[in-house]
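Listed below are the residues making up each chain.
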Amino acid sequence: MNTPPTSFQGRRIEQQVQGQATRDGDGVKLTRVLTQAHQRRLDPFLMLDNFGSDDPKDYGGGFPDHPHRGFETVTYMIAGRMRHKDSAGHEGLLQNGGVQWMTAGRGVVHSEMPEQEDGVMEGFQLWLNLPSHDKMCKPGYQDIQTENIPEFSTHDGIKVRVIAGQSHGIRGAVQRPIAEFPTDALYLDIHFENDASFQQALPTQHNAFLFVYRGSVNVISPGEKSPVALHRMAILRNEGEGVEIQAAAGSKVLLIAGQPLNEPIAQYGPFVMNTRDELIQAVDDFRAGLYNS
Ligand code: FE
């Protein structure tokens, strides 16, 4: 496709990142796309994992009971299922195309156990930070089944699933008061069903990145067209009106953005607080069995 001249001031790419192969939980093979090295730059996002395999051995023993405090985990299943149970008594089965949005707050202990479908399991887990005033909030979770995720299609054949935030007037599945959740996260899953171009408005101060999980895409900015290959994360500059993404039919990309918290980040494994003392407290409380809400 020839990209028509555009007056849209799209963000340029600041950096491209190749994920790191690792294992987590009880031996689950995954690619860590957003690592601790990017936490400051991509504030309020702390981590993005991409798991996917057609070999059940790669899921190992899943993620048996483990704690979290101080942030949110957002799990998006593309294929297969994930069964979760937590210490607050919640249990759910996350299915193909569904999202679990868990707010760990002052502490949960949960298990996340993959269940394959036709041998295939694929999905993402994003960690989103909480502001200091919310880190000790009551834990909560929302299970959003695929049919409850708002979608729209553009006239030239791009399907957009709006998990959180808002796109082209369509409000996403997760909507929260900004005062309580100032990260104001945008989470879109964009499917190119034709060779076409998609524009998304973004506030300049919001940190944003995209991750290509099928095909490849181009990021279009005035006078520039920058390719992003499969399984690459592109960190976008804080500039312009938003982002323009062009791709051939079959490409799929996640677009994620949020308002940075600009607070200190102290992480010890599954605990993310503001200070080292708060981390020590988090571990002590976990050992004392206080994560049962
Ligand atoms: Fe977890």
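Residues numbered from 1 in each chain as written. Predicted model: local features only at pLDDT ≥ 70, side-chain atom pairs only at ≥ 80, totals over all residues. Heavy atoms only, no water.

Participant: Before we move on, can you summarise the overall build of the chain with the specific residues and values?
Facilitator: The helix and strand tally for the chain stands at one helix and 26 strands. For 293 residues, the compact-globule formula gives about 19 Å, and the C-alpha radius of gyration of the chain, at 19 Å, lands near that figure. The principal-axis extents of the C-alpha atoms in the chain amount to approximately 60 × 45 × 30 Å. When each of the 293 residues of the chain is scored for burial, the buried share is 53%. When contacts within the chain are restricted to residue pairs at least 6 apart in sequence, those whose partners lie at least 24 apart make up 75%. (Helix = DSSP H or I, 4+ residues; strand = E, 2+ residues; numbered from the N terminus. Rg over C-alpha atoms; globule rule 2.2 N^0.38 Å. Buried < 20%, exposed > 50% of the residue type's maximum accessible area, 1.4 Å probe, protein only. Contact = heavy atoms within 4.5 Å.)

Participant: I'd like to hear about the sheet that holds strand β21 (residues 224-228), residue by residue, with values.
Facilitator: Taken together, four strands build an open sheet; the order of strands is β18-β23-β20-β21 and the sheet is antiparallel. Of all strands in the sheet, those with a lone pairing partner are β18 (196-201) and β21, marking the two edges. Here the average twist between neighbouring strands, direction ignored, is 25°. For β18 and strand β23 (residues 242-247), the ladder comprises six bridges, and the chain directions are antiparallel. Looking across to β23, one finds that Gln 200 is bridged to Val 243. (Pairing = 2+ DSSP bridges. Axes fitted to C-alpha atoms, helices over the stretch in contact; angles between N-to-C directions.)

Participant: Hey, could you go over the pattern of salt bridges for me, with residue numbers and the actual values?
Facilitator: Here the structure, examined in full by the defined rule, presents 13 salt bridges. For Glu 72, the salt bridge goes to Arg 176, with nearest N and O atoms at 2.9 Å. Of this pair, Glu 72 sits in strand β6 (residues 71-79) while Arg 176 sits in the loop between β16 (170-171) and β17 (186-192), and the two are 104 residues apart along the sequence. Using a relative accessible area of 23% as the deciding quantity, one classes Arg 176 as partly exposed. (Salt bridge = Lys/Arg side-chain N within 4 Å of Asp/Glu carboxyl O.)

Participant: I'd like a rundown of the sheet that holds strand β10 (residues 108-115), residues and numbers included.
Facilitator: Consider a sheet: its strands pair through backbone hydrogen bonds, and that pairing is either parallel or antiparallel. Taking strand neighbours across the sheet as the criterion, the four strands line up as β5-β10-β7-β8 in an open arrangement whose pairing is antiparallel. Each edge of the open sheet is held by one strand with a lone partner, namely β5 (63-68) and β8 (91-94). Between one strand axis and the next, the sheet turns through 20° on average, direction left out of account. Alignment of β5 against β10, held across four bridges, turns out to be antiparallel. The partner of His 68 across the bridge, within β10, is Val 108.

Participant: Please provide a residue-by-residue account of the coordination of the iron ion, values included.
Facilitator: Coordination of the iron ion by the protein is provided by His 66 (NE2), His 68 (NE2), His 110 (NE2) and Glu 112 (OE), with metal-donor distances spanning 2.1 to 2.3 Å. Given four donor atoms and angles of 84 to 178° at the metal, the environment of the iron ion is assigned as irregular. All donors of the iron ion belong to a single chain; written as a sequence motif, their spacing is H-x1-H-x41-H-x1-E. Residue His 68 is located in strand β5, and its partner Glu 112 is located in strand β10; the two are separated by 44 residues in the primary sequence. (Donors = N, O, S within 2.8 Å, 3.2 Å for Na, K, Ca; no water. Tetrahedral: all angles 85-135°; square planar, octahedral: opposite > 155°, others 65-115°.)

Participant: How would you explain the side chain of Lys 135 if you had to name every residue and give the values?
Facilitator: On the secondary structure map, Lys 135 appears in the loop between β11 (121-129) and β12 (140-144). This buried residue, Lys 135, is left without a salt bridge; Glu 263 holds the nearest opposite charge, at 6.0 Å. Here Val 272 takes part through its backbone oxygen, which lies 2.8 Å from a polar atom of the side chain of Lys 135. The residues contacting Lys 135, other than those within four sequence positions of it, are Arg 69, Gly 70, Gly 105, Arg 106, Asn 129, Leu 130, Val 272, Met 273 and Asn 274. (Lys, Arg positive; Asp, Glu negative; His and termini not counted. Polar contact = N/O pair within 3.5 Å; in protein donor to acceptor, adjacent residues only side chain to side chain.)

Participant: An account of the domain arrangement of the chain is requested, with residue identities and associated values reported.
Facilitator: Per the domain assignment, the segments making up the chain are domain 1 (20-148) and domain 2 (149-262). Here domain 1 and domain 2 have C-alpha centroids that lie 21 Å from each other. Listed as interface residues are 35 residues of domain 1 and, on the opposing side, 36 residues of domain 2. Both sides of the domain 1 and domain 2 interface together cover about 2700 Å² of buried area, and 66% of this is carbon and sulfur. (Domains from an automatic or database assignment. Buried area = accessible area lost by both parts, 1.4 Å probe.)

Participant: Outline helix α1 (residues 276-287), listing residues and values.
Facilitator: Here α1 is 12 residues long and its end C-alpha atoms lie 17 Å apart, about the 16 Å a rise of 1.5 Å per residue gives. Taken together, the buried positions of α1 are Leu 279, Ala 282, Val 283 and Asp 285. Seen end-on, α1 carries its buried residues on one side only, within an arc spanning 165°. Facing away from the buried side of α1 by over 90 degrees, the exposed positions are Asp 277 and Arg 287. Those residues of α1 hidden inside the fold are in contact with β25 (266-268) and β26 (271-273). Phi turns positive, to about 75°, at Gly 289, one or two residues after α1. (Expected span 1.5 Å × (residues − 1). Arc of directions from axis to C-beta.)

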